[in-house]
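# A structural walkthrough
Now for the letters of each chain:
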Amino acid sequence: LAAAGPSSVTGPVTTTDGHRIAVVANIADAKDAARAAGVGAEGVGLLRTELTFLSASSEPTPEEQRAGYAATMAPLAGKPITLRTLDAGADKPVPFLAMTPEVNPALGVRGQRLFDDGAERADVLDRQLVAAVGGAADAGVTLKVMAPMISTADEAARFVARARKAGVEQVGVMIEVPAAVLNAPELLAEVDFVSVGTNDLTQYVFAADRQSGPLAGFNDPWQPAVLRLLDQLCRAAEVTGTPVGVCGEAAADPALAVVLVGLGVTSLSAAASALPAVAARVSSVDLATAQQAARVAVASRDVASARAAVRDVLG
Ligand code: PEP
Ligand code: MG
């Protein structure tokens, strides 16, 4: 039998030398939220909203959306929740949008591209933003909102303007397209925070479909190519003073979570079940050790050597 790990996140998480890291949950519905509350998550780093829309054959009314978000958020009253606006397309079909079939949907009009200024369905986003603000007020949570699939500073700026108009105070974007990292100096200046979706970022870095079995080896967040991009993003974020979170699979792996902290990430968001072990691992190292782990991982040749080098540092 494996030794039982920690069962909850106990108190605010810091490295042994007091560097504060938010350990927060990925959720999609009220059940996930209850689980997150149950393990002591400090809040939510990614509320995926596709579920709210998945079974609907027409767009839920603003009232239905508001009630849905309030119900999802209620178990986490008093906590900060980062809601991601609708990320439709490719691996996340949303029937009511009746999207035009594309040859390469992962490279198509998906995520925020569907709702950018002037797009045919731009109004869907505006209604969602207003419903999110209302639902968060009803549930008594602090709302942050972020958009998926952003690649340029202009896209980010347009989203931020729309979200602020709807009454959102903290507005960010996801970093999941390599161009967003290359554009980081300008893009970060437009937003209050960013959150890296390592699942899509890895898919797009390797041009390897995240759902492809034969290509699963590329879709590994330990890939040094992905960690080098994260490093570049975090260096740009130091200049602008922008908080960087990670809400993809990378944040669920305790050793990799330490690497992320060493790179400069200050918020780790993963499924509730992963959080106690992540919190325990991060709490067991000092920042200098995490930075050393980050250095050796970024300098590694491949996944296996990155894992081995970090294991050597962390013991
Ligand atoms: C990601 O891409 O890493 C992410 C967190 O978003 P999703 O998995 O919902 O695409
Ligand atoms: Mg994604």
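The coordinates are above.
How each quantity is defined
Residues numbered from 1 in each chain as written. Chains lettered and ligands numbered in written order. Predicted model: local features only at pLDDT ≥ 70, side-chain atom pairs only at ≥ 80, totals over all residues. Near = placed C-beta within 6 Å. Helix = DSSP H or I, 4+ residues; strand = E, 2+ residues; numbered from the N terminus. Nonpolar A, V, L, I, M, F, W, Y, C, P; charged D, E, K, R; others polar. Buried ≥ 20, exposed ≤ 12 C-beta atoms within 10 Å, placed from the backbone. Pairing = 2+ DSSP bridges.

## Comments concerning the site of ligand 1
Contacts to ligand 1 come from Leu46, Arg48, Asp87, Glu176, Gly197, Thr198, Asn199, Asp200, Cys247 and Gly248. Elements with a contribution of two residues or more to the shell around ligand 1: strand 3 (44-48) and helix 8 (198-206). Looking at side-chain class alone, the shell around ligand 1 contains two nonpolar, four polar and four charged residues.

## Describing the pairing of strand 2 (residues 20-27)
Within strand 2, six of the eight residues are buried, which leaves the element mostly enclosed by the surrounding structure. Bridge analysis of strand 1 (residues 13-14) against strand 2 gives two bridges, and the strand direction is antiparallel. What sits directly across from Thr14, in strand 2, is Arg20. In sequence, strand 1 turns back onto strand 2 through a hairpin of five residues, with Gly18 there showing a positive phi of about 85°. Pairing analysis gives four bridges linking strand 2 to strand 9 (residues 267-270), with the strands arranged parallel. Paired with Val23 across the strands is Leu268, a residue of strand 9.

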